[in-house]
Amino acid sequence: MEIKIERTKNPKTRPSDESKLGFGNYYTDHMFIMNYDEGQGWHDPRIVPYAPVELDPAAMCLHYGQEVFEGLKAYRCEDGEVRLFRPDKNMARLNLSNDRLCIPPIDEEFAVEAIKTLVKVDEDWIPSAEGTSLYIRPFIFAIDAHIGVHPAKHLLFMIILSPVGAYYPEGLNPVKIYVETNYVRAVKGGMGFTKTGGNYAASLKAQDEAEKVGYTQVLWLDGVERKYVEEVGTMNVFFVLDGEVVTPALQGSILGGITRMSCIEILKSWGLNVSERRISIDELSKAYDEGRLLEAFGSGTAAVISPIGELRWGDKVMEINNGEIGELSQKLYDTLTGIQWGKIEGPEGWSVKI
Ligand SMILES: *Cc1c(COP(=O)(O)O)cnc(C)c1O
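Residues numbered from 1 in each chain as written. Predicted model: local features only at pLDDT ≥ 70, side-chain atom pairs only at ≥ 80, totals over all residues. Heavy atoms only, no water.

Asker: Please set out the overall build of the protein residue by residue, giving values where relevant.
Answerer: When you go through the protein residue by residue, the secondary structure sums to seven helices and 18 strands. In terms of overall dimensions, the protein is globule-like: its C-alpha atoms have a radius of gyration of 21 Å, near the 20 Å expected for 354 residues. Dimensions of the protein, computed from the C-alpha atoms along their principal axes, are close to 60 × 50 × 35 Å. Of all 354 residues assigned to the protein, the portion counted as buried reaches 52%. Sequence-distant contacts, at least 24 apart, represent 70% of the contacts inside the protein between residues at least 6 apart. Summed over its atoms, the accessible surface of the protein is roughly 16300 Å², and 48% of this surface lies on carbon and sulfur atoms. Seen as two clouds, the 37 positive and the 52 negative side-chain charges of the protein have centres 1 Å apart. (Helix = DSSP H or I, 4+ residues; strand = E, 2+ residues; numbered from the N terminus. Rg over C-alpha atoms; globule rule 2.2 N^0.38 Å. Buried < 20%, exposed > 50% of the residue type's maximum accessible area, 1.4 Å probe, protein only. Contact = heavy atoms within 4.5 Å. Areas by Shrake-Rupley, 256 points an atom, 1.4 Å probe, with all protein chains shown as cover. Lys, Arg positive; Asp, Glu negative; His and termini not counted. Charge placed at Lys NZ, Arg CZ, Asp CG, Glu CD.)

In structure tokens form, the structure reads like this:
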């Protein structure tokens, strides 16, 4: 399929101060859009000026949440190249989400091409200050004007771009995490392994309450026993115990992060003992009491590695590594960002030039 490109006649003024970009505050001049209609499949891929989309008030996405999304970044590197990080994995995951939400699959290779083409069109928007990048948000939603509950026959696949600031302008800062024992995010058999808006809707309340008591994000426990650790709000989670790095196994309720996957591969390549297994909050708490919980960190596209300086579980406050960033967390962060910004040669296929 050929992507038609219609360039804007009214380019916006780009934000001039790259130190004040923040996250998700600005959008570029163009967007990608493609339609799905039953009988016709995905068709009419095009890049058009960024603008609101018109939706029928009965559009199914607004009522029943048939929606999926992805998140990745384009990095402006010192050698002048623009690179993506493992975009094929994002598009494979998009199809995993699609399948669970009865959304017709997209052609993964074509979708990567669409991302590359759009980023090229808006290349001038990619910031260049240290740590900044262009966040890429592909998403698909149901647009049938029909308030009956069934899978949509008409959908839109869109991609928008947002220049984003350095996540840690002052260096890696450990975060405080609240162990959530009341609300749950997902259960096995549900949609926890997909990137869909509904999972986030389910998480807002807990996030809001945790923020009110001074915590950055919540650590979710499993939805059945509230016993096993699952993941942090928008990140997967790792614990460095002595002799073992543990991350919860993916069993249907946890989002399989691409940063998580990459961390596991890198840690293994360093010869470390990495386990994907169930780990209970009691085991963690016991390891802490015995001085064996050395480091904890979250992993995700936005922050890459987010060291956890404090875990609060009920009345128990666990300060990890004196609230400072651990050696392994720092090394992983440096390695991953080094690969993303083209300073370090990563494994084959991880860094994709545009
Ligand atoms: C996107 C996401 C992650 C992290 O995935 P990455 O591919 O590493 O960015 C983790 N948990 C949830 C719930 C997510 O939505």
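Asker: If you had to explain helix α2 (residues 87-100) to someone new, which residues and values would you point to?
Answerer: Spanning 14 residues, α2 covers 20 Å between terminal C-alpha atoms, matching the ideal 20 Å at 1.5 Å per step. Listing the buried residues of α2 in full gives Pro 87, Asn 90, Met 91, Arg 93, Leu 94, Asn 95, Ser 97 and Asn 98. Once α2 ends, the next one or two residues include Cys 102, with phi positive near 55°. (Expected span 1.5 Å × (residues − 1).)

Asker: Summarise helix α5 (residues 258-269); cite the residues concerned and give the values.
Answerer: Each α-helix winds once per 3.6 residues, and so residues spaced three or four apart point in a common direction. Taking 1.5 Å of rise per residue, the twelve residues of α5 would be expected to cover 16 Å, and the 16 Å separating its terminal C-alpha atoms lies within 8% of that figure. Gly 271, located one to two residues past α5, shows a positive phi value of around 85°.

Asker: Which residues make up the domain arrangement of the protein, and what values go with them?
Answerer: As assigned here, the protein comprises domain 1 (4-165) and domain 2 (175-340). Computed over C-alpha atoms, the centres of domain 1 and domain 2 are 27 Å apart. Counting residues at the interface gives 21 residues for domain 1 and 21 residues for domain 2. Here domain 1 and domain 2 share an interface that buries about 1800 Å² over both sides, 61% of which is from carbon and sulfur atoms. Three residues, Phe 85, Arg 93 and Arg 100, lead the burial of domain 1 against domain 2; their summed loss comes to 34% of the area buried on that side. Viewed at the interface, domain 2 and domain 1 are joined by one salt bridge. Our enumeration of links across domain 1 and domain 2 arrives at eleven residue pairs in polar contact (both at pLDDT 80 or more). The element contributing the most residues to the side of domain 1 that touches domain 2 is α2, with six residues. (Domains from an automatic or database assignment. Buried area = accessible area lost by both parts, 1.4 Å probe. Salt bridge = Lys/Arg side-chain N within 4 Å of Asp/Glu carboxyl O. Polar contact = N/O pair within 3.5 Å; in protein donor to acceptor, adjacent residues only side chain to side chain.)

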